[in-house]
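Results of the structural survey
One-letter residues, chain by chain:
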Amino acid sequence: MRCRDLDAFKDWFTEYSRTFYTDNAGDSKNIDLKVRHTFLVCENTIRIARDEQLGENDIMIAETAALFHDVGRFLQYSRYKTFRDSISVNHGRLGAEILREKHVLSQVPLQEQEWIINTVTFHNAFEVPSFDDHKKTLFLRLIRDADKLDIWRVFAEYYQSPEDEQPSAVGLGLPDRPDYSKAVLTCLYEKKTATLAGLKTMNDFKLLQLSWVYGLHFRHAFRLMAERKLIHQISATLPQTEEIAGAIAIIEEFVKVKSGV
Ligand SMILES: [Fe+2]
């Protein structure tokens, strides 16, 4: 891949995303959110990739995968007015389809196209599938870490902002009441990633998001997480019970150990 290919991809993305803005302020806020998210995921990706000492070409491939990881979100939103895959469409697969149909990547080598499309397809899968090609695993893990870091930011901002300023498509529509499920909390104690199935309250969803920390791969992702105080920003909006405090302490310690500082 050449630098000018990456520049052309950025131009394509900007033009493409621009076509989804409408006169409706609520819709535009949701589109804005994804555009901003995309560029911040690109930044996170570059930082993690540099810390892993990837070569320049691999960093450009990773950045392209980051740039397009959520390209399916725009069509998903314009068709269904939601970012919830479970009630609309798998946005990873949709994004891959768009890239193929529009021949967006055609100027780069086939092998690189395959790595990028594979990453877009699986970036939102519950678990990272296993691939014989280690580069597929590498790029996918990179984008998933970079993506989680920025999703934590999006939600930390969402939880802390007044209701009328919150982008409408961010929440899962779960009731914001004081209780939470023991099953989700248990995942945090057992260092497991919780699943979306069975969530009952907004607090369950916050706990689930905190459990993503157990799916992070790269040292620099843990460092960025600690540096940005993302755990605290989310946990501060949870009920301050002893069992939640215990789970948060375990997570904080996990991040500290994985950061290697
Ligand atoms: Fe995504």
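Coordinates for the structure precede this section.
Scope of this entry: the structure provided in the associated data block. Since the structure is predicted, the reported quantities are computational estimates derived from the model, not experimental observations.

**Observations concerning the packing of helix 4 (residues 72–80) against helix 5 (residues 91–101)**
- Between helix 4 and helix 5, the shortest axis-to-axis distance is 7 Å and the interhelical angle comes to 110 degrees. Relative to helix 5, the element helix 4 is oriented roughly perpendicular. The two elements helix 4 and helix 5 cross, and the hand of that crossing is right-handed. Contacts between helix 4 and helix 5 involve Gly 72, Arg 73, Leu 75, Gln 76 and Arg 79 on the former and, on the latter, His 91, Leu 94, Gly 95 and Ile 98.
- For the contact of helix 4 with helix 5, the per-class residue count stands at 3 nonpolar, 4 polar and 2 charged.

**Quick word on the side chain of Arg 144**
- Structurally, Arg 144 is set in helix 7 (residues 134–160).
- In terms of polar contacts, Arg 144 uses its side chain to reach the backbone carbonyl oxygen of Phe 122, at 3.2 Å.
- For Arg 144, the residues in contact, after removing those within four places along its chain, are Phe 122, His 123, Asn 124, Ala 125, Phe 126, Glu 127 and Val 128.

**Description of the coordination of the iron ion**
- Binding of the iron ion to the protein goes through Asp 70 (OD), His 91 (NE2) and His 123 (NE2), at separations of 2.0 to 2.3 Å.
- Donor residues for the iron ion, ordered by position in the chain, follow D-x20-H-x31-H. Here the residue Asp 70 occupies a position in the loop between helix 3 (56–68) and helix 4, and His 123 occupies one in the loop between helix 6 (110–122) and helix 7, the gap between them amounting to 53 residues. Grouping residues by exposure puts Asp 70 and His 123 together as buried.

**Comments concerning the packing of aromatic side chains**
- Per the stated rule, a full pass over the model turns up 18 aromatic pairs.
- With a centroid separation of 5.8 Å and an interplanar angle of 70 degrees, the aromatic rings of Phe 9 and Phe 68 are classed as edge-to-face. Of this pair, Phe 9 sits in helix 1 (residues 3–18) while Phe 68 sits in helix 3; the two residues are 59 residues apart in sequence, bridging distant segments of the chain.
- Owing to a relative accessible area of 1%, Phe 9 belongs among the buried residues under this scheme.
- The interplanar angle of 45 degrees and the centroid separation of 6.3 Å between the aromatic rings of Trp 152 and Trp 212 together place this pair among those described as tilted. In this pair, Trp 152 is assigned in helix 7 and Trp 212 in the loop between helix 9 (202–211) and helix 10 (219–227), connecting sequence segments 60 residues apart. The pair Trp 152 / Trp 212 is uniform in exposure class, with both members buried.
- Put simply, the rings of Phe 9, Trp 12, Phe 13, Tyr 16, Phe 20, Phe 39, Phe 68 and Phe 74 touch in pairs and so form one group of aromatic residues.

**Some thoughts on the side chain of Thr 38**
- In this structure, Thr 38 sits in helix 2 (residues 25–51).
- Residue Thr 38 is classed as buried on the basis of its relative accessible area of 0%.
- Residues in contact with Thr 38, not counting those within four places in the same chain, are Phe 13, Ala 66, Leu 67, His 69 and Asp 70.

**As for unusual backbone geometry**
- The phi torsion at Gln 53 lies on the positive side, around 60 degrees, for a residue other than glycine.
- Looking at the element boundaries, Gln 53 is found in the loop between helix 2 and helix 3.
- Taking relative accessible area as the criterion, Gln 53 reaches 71% and is therefore assigned exposed.
- In this model, Lys 81 sits at a positive phi of 55 degrees, which is unusual for a non-glycine residue.
- Mapped onto the elements of the fold, Lys 81 is located in the loop between helix 4 and helix 5.
- For Lys 81, a relative accessible area of 46% gives the class partly exposed.

How each quantity is defined
- Residues numbered from 1 in each chain as written.
- Predicted model: local features only at pLDDT ≥ 70, side-chain atom pairs only at ≥ 80, totals over all residues.
- Heavy atoms only, no water.
- Axes fitted to C-alpha atoms, helices over the stretch in contact; angles between N-to-C directions.
- Helix = DSSP H or I, 4+ residues; strand = E, 2+ residues; numbered from the N terminus.
- Parallel < 35°, antiparallel > 145°, perpendicular 65-115°, else oblique.
- Left-handed = near helix turned anticlockwise from the far one by under 90°.
- Contact = heavy atoms within 4.5 Å.
- Nonpolar A, V, L, I, M, F, W, Y, C, P; charged D, E, K, R; others polar.
- Polar contact = N/O pair within 3.5 Å; in protein donor to acceptor, adjacent residues only side chain to side chain.
- Donors = N, O, S within 2.8 Å, 3.2 Å for Na, K, Ca; no water.
- Buried < 20%, exposed > 50% of the residue type's maximum accessible area, 1.4 Å probe, protein only.
- Phe/Tyr/Trp six-rings, centres within 6.5 Å; stacked < 30°, edge-to-face > 60°.

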